[in-house]
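# Coordinates in review
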Amino acid sequence: MALKEELIKRRLALGMSQTKFAQALDLSPSTISLWEKGKIKPGVDSIIALAKFFGITEQELLHPKDETQEKEDSKNVL
């Protein structure tokens with residue numbers, strides 16, 4: 001999954017609009033829109049802030065497992 005898709009997925013999971021999400025991160029809504037469209041990518045400082053906001057590591061944000069992989073991983077735990 002691409003970063004832009006991961007941002008959308010996590011933002012929507014929190015029930016946030018782009019505007020509310022931008023306010024929470026002290027950014028402009030247009031920045032969030034550009035990230036989610038894949039027109040620009042967040043810089044290092046923004047990646048760190050996003051990961052902190054979502055309560056995940058930077059690696060988890062940049063390299064998320066897809067749902068198929070998550071299901072496989074959960075099968076291996078059992």
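Below you will find a few notes about this structure. Since the model is a prediction, treat every value here as computed from it, not as a measurement. (Residues numbered from 1 in each chain as written. Predicted model: local features only at pLDDT ≥ 70, side-chain atom pairs only at ≥ 80, totals over all residues. Heavy atoms only, no water.)

## Observations concerning the nonpolar core
In terms of nonpolar packing, the biggest core is built from 14 residues, with Leu 7, Phe 21, Ile 32, Leu 50, Phe 54 and Leu 61 touching the most fellow members. Listing elements by their share of this core, those giving two or more residues are α1 (3-13), α2 (18-25), α3 (29-37) and α4 (44-54). When residues of this core are assigned to their parent elements, the largest contribution, four residues, is made by α4. When near neighbours in sequence (up to four residues on either side) are disregarded, Phe 54 contacts Leu 7, Arg 10, Arg 11, Leu 14, Phe 21 and Leu 61. (Core = buried A, V, L, I, M, F, W, Y, C linked by side-chain atoms within 4.5 Å. Buried < 20%, exposed > 50% of the residue type's maximum accessible area, 1.4 Å probe, protein only. Helix = DSSP H or I, 4+ residues; strand = E, 2+ residues; numbered from the N terminus. Contact = heavy atoms within 4.5 Å.)

## Structural notes on α4
All of the buried residues along α4 are Ile 47, Leu 50, Ala 51 and Phe 54. Projected down its long axis, α4 shows its buried positions confined to an angular sector of 95°, all on one face. Exposed residues on α4 whose side chains face more than 90 degrees from its buried face are Asp 45 and Lys 52. Check the buried side of α4 and you find it contacts α1, α2, α3 and α5 (58-62). (Arc of directions from axis to C-beta.)

## So, the packing of α1 against α3
Relative to each other, α1 and α3 sit at 125°, their axes nearing to 7 Å. Of the possible angle classes, the one that applies to α1 and α3 is oblique. Every residue of α3 that contacts α1 at Lys 4, Leu 7, Ile 8 and Arg 11 is listed here: Trp 35, Glu 36 and Lys 37. A breakdown of the residues in the contact of α1 with α3 according to their chemical character gives three nonpolar, no polar and four charged. (Axes fitted to C-alpha atoms, helices over the stretch in contact; angles between N-to-C directions. Parallel < 35°, antiparallel > 145°, perpendicular 65-115°, else oblique. Nonpolar A, V, L, I, M, F, W, Y, C, P; charged D, E, K, R; others polar.)

## Focus on unusual backbone geometry
One non-glycine residue, Asp 26, adopts positive backbone phi at about 60°. As for its position among the elements, Asp 26 is in the loop between α2 and α3. According to the relative accessible area criterion, Asp 26 is exposed, its value standing at 70%.

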